[in-house]
Amino acid sequence: MICLNDVSVHAGPFRLEGIHLVIPSGDYAVLMGKTGAGKTSLLEAIIGFKAVTAGTICLAGRDVTRENPALRGIGYLPQDGALFSTMTVEENLAFALRVRKVDKRRIVSRVRDLAELMGIGQLLSRKPHGLSGGERQRVALGRALAFEPSILCLDEPLSALDSEMREQILQLLLTIKRMKGVTTLHVTHDLGEAARLADRLFRLVDGKVEIADPIPAREVHSQREVQPSVDPCSI
Amino acid sequence: MSDFPDLKSGLTGDEKRACSITIANRAFVVSFVLIGATYILLILGMLIADGAYVFEQSKSKARKSPHFWASMMSDNPIAVSLRDPKIQYSIWLSMISCTLAAILSVLFAVPLGYVLSRIPFRGRNFVDAFLDIPIVLPPLIVGLSLLILFQFAPFKWVARSIVYQIPAVILAQWAVSCAYAVRTMKMTFDQINPRCEQVAISLGCSRFQAFSWVTFPEARLGLLTAFTLAWARSLGEFGPLLIFAGATRMKTEVLSTSVFLEMNVGNIEGAVAVSLLMIFASIVVLMITRYASNPSADGKAAVLP
């Protein structure tokens, strides 16, 4: 369970104030909002990279407002994957277990299971350099799930992918949602992703979180055409 | 414009414009290349002149000897310098002091570069600019300032075993070269995605673990660049050494001091020979640095049509 109570976050030029957000255990929540609305700042506050100026954050019934991000036990997948480039895929997947000083044999078997689930068994000895965008996200997702966190935070995990890869990773996220029952907070600006994945949908508008009704998938389709996945200005 | 053909030349306005743009573009590129080439020729000329001077000297000496080629090999100024125990001492001291200064520089540059790159604090920009002082300060002033610093406690207590001694050589080299290493390390850490470190922390690492397992291994090429840059900087150091360490033969004499001392006694051949040794060392260092900072950079430059 993720529970934000009256949380305030200062994020550069704007501030989020009085944020209330409750995501029950095992639910897949999607937080939507325009670019620059503060979605990532809120996510960072939950993970612990950004200090909150007021309010409390509870994860799985524990107040973690002042807790170090290393102890919060959140699996985190950033937009660009942020793979450890000097390590092989296998070492990336094993990282959280190595930090926890897990027995070597258990690490090997856990990594093998993860690689199978993510469909990256053939990549284990490769370095991240030269992997495709989709492969990178699979590795990053596997790495975040390695220590079996009860909470998963995904920051626009599909936005850097082409449409084919996007569909594949979306299917993978659906599989994980079904299998693991991890409480997930998925940040995106894409209605299509939200409609396919969300048990609960939230919108961040003008520094406030609003509960939005899940949207039927077919309404979304036309809207997705309008929203280019890549910002045309950045090309 | 194109609807009104110019009667005299038979070209339309657009055609004339296209023609003048082509000429202007060519003139622009040619003039920039020529200006750039002048400087490149100057560098090349200096290096060739040093080599040619030593070659001419060797040849004129060898002509007087019955065995021309044997004399060319053994009596050329470089060989003579290398046989000189004073120069041998100076080479060894240079190698050792530059290496120690470079190691010290990197030891300080890694934490300092990391703090400047990753940890926001009030006055960070000021500290960043402050660290340029050793780079922009006139070298003699660095030496003089070090000398004055050792007039005061607690430095005064150890001044006798440092000032005008070998430690002064290393200290003076380090004082300047560290600033270059810090610049390089800060740039290196700036270029490494901070998200990776955040992910590592979210996976259960302490900051030190995240640094040593994730960020530091990614910075290894930058570290090599910082080391070689500091080494090369130390090799070329002269002004601060002259004031802070002195120029005593067989004691605080490094290669740059040797060049100065040889010139002072009128041995230009010897000075040029030692210079060639330093040029060789610098080129090796330059090649390592270029390779380390960008192993596959060739042909990646943006090309304008």
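Overview of the structure. None of these values were measured; they are calculated from a predicted model.

So, the packing of helix α4 (residues 85-118) of chain B against helix α9 (residues 166-191) of chain B
All names here are of chain B.
- Put simply, α4 and α9 touch, their axes get as near as 5 Å, and they point 40° apart. As the angle between them shows, α4 and α9 are arranged oblique. Remark: the crossing between α4 and α9 carries right-handed chirality.
- Broken down by class, the residue content of the contact of α4 with α9 amounts to 21 nonpolar, 6 polar and 3 charged.

Digging into the pairing of strand β1 (residues 2-11) of chain A
Residues and elements named next belong to chain A.
- Of all 10 residues making up β1, 7 are buried, and the element is well covered by its neighbours.
- Looking at chain direction, β1 and strand β2 (residues 14-23) are connected through 7 bridges and run antiparallel. In the sheet register, Leu4 faces β2, and the bridge partner there is Leu21.
- Between β1 and β2, which pair antiparallel in sequence order, lie 2 residues; one of them, Gly12, sits at a positive phi of approximately 60°.
- In the sheet, β1 pairs with strand β4 (residues 54-59) via 5 bridges, with the strands oriented antiparallel. Each bridged residue has a counterpart across the sheet, and for Cys3 the counterpart in β4 is Cys58.

Some details on the sheet that holds β1 of chain A
- Read from one edge of the open sheet, 4 strands run β2-β1-β4-β5 (chain A), paired in antiparallel fashion. Each edge of the open sheet carries a strand with a single partner, namely β2 and β5 (62-63) of chain A.

Some details on the environment of Ala140 of chain A
Residues and elements named next belong to chain A.
- Within the secondary structure, Ala140 is located in helix α4 (residues 133-145).
- With a relative accessible area of 0%, Ala140 lands in the buried category.
- With sequence-adjacent residues up to four places away left out, Ala140 is seen in contact with Leu77, Gly81 and Leu83.

Here's the deal with the sheet that holds strand β8 (residues 183-188) of chain A
Residues and elements named next belong to chain A.
- The 6 strands lie next to each other as β6-β7-β8-β3-β9-β10, forming an open sheet whose pairing is mixed. Single-partner strands in this sheet number two, and they are β6 (74-77) and β10 (208-212). Looking at each pair of strands side by side, their axes are set apart by 20° on average, direction ignored.
- Pairing geometry for strand β9 (residues 200-205) and β10, over 5 bridges, is antiparallel. The partner of Leu201 across the bridge, within β10, is Ala212.
- Taken strand by strand, helix α1 (residues 39-47) contacts β3 (28-32), β6, β7 (151-155), β8, β9 and β10, and its axis lies near 155° from that of β7.

Focus: the interface of chain B and chain A
- Between chain B and chain A, the contact holds 17 residues from the first and 25 residues from the second.
- Each partner contributes to the roughly 1700 Å² buried at the junction of chain B and chain A, and carbon and sulfur atoms together form 64% of this total.
- Between the two partners, chain B and chain A, sit 1 salt bridge.
- Glu44 of chain A is the salt-bridge partner of Arg195 of chain B, the closest N and O atoms lying 3.1 Å from each other.
- At the boundary of chain B and chain A, one finds 5 residue pairs in polar contact (both at pLDDT 80 or more).
- Only α10 (194-202) and α11 (207-218) of chain B provide two or more residues apiece to the side of chain B that touches chain A.

Digging into the pairing of β7 of chain A
Residue and element names in this part refer to chain A.
- Counting buried residues along β7, 5 of its 5 residues qualify, which places the element largely inside the surrounding structure.
- Alternating residues of β7 divide into Ile151, Cys153 and Asp155 and Leu152 and Leu154, and every residue in both groups is buried.
- Pairing between β6 and β7: 4 bridges, direction parallel. By the bridge assignment for β7, Tyr76 is matched with Cys153.
- As paired strands, β7 and β8 are joined by 5 bridges and run parallel to one another. What sits directly across from Ile151, in β8, is Thr183.
- Note on the crossover from β7 through helix α5 (residues 163-180) to β8: the handedness is right-handed.

How each quantity is defined
Residues numbered from 1 in each chain as written. Chains lettered and ligands numbered in written order. Predicted model: local features only at pLDDT ≥ 70, side-chain atom pairs only at ≥ 80, totals over all residues. Heavy atoms only, no water. Axes fitted to C-alpha atoms, helices over the stretch in contact; angles between N-to-C directions. Helix = DSSP H or I, 4+ residues; strand = E, 2+ residues; numbered from the N terminus. Parallel < 35°, antiparallel > 145°, perpendicular 65-115°, else oblique. Left-handed = near helix turned anticlockwise from the far one by under 90°. Nonpolar A, V, L, I, M, F, W, Y, C, P; charged D, E, K, R; others polar. Buried < 20%, exposed > 50% of the residue type's maximum accessible area, 1.4 Å probe, protein only. Pairing = 2+ DSSP bridges. Contact = heavy atoms within 4.5 Å. Buried area = accessible area lost by both parts, 1.4 Å probe. Salt bridge = Lys/Arg side-chain N within 4 Å of Asp/Glu carboxyl O. Polar contact = N/O pair within 3.5 Å; in protein donor to acceptor, adjacent residues only side chain to side chain. Right-handed = clockwise from strand over helix to strand, strands pointing away.

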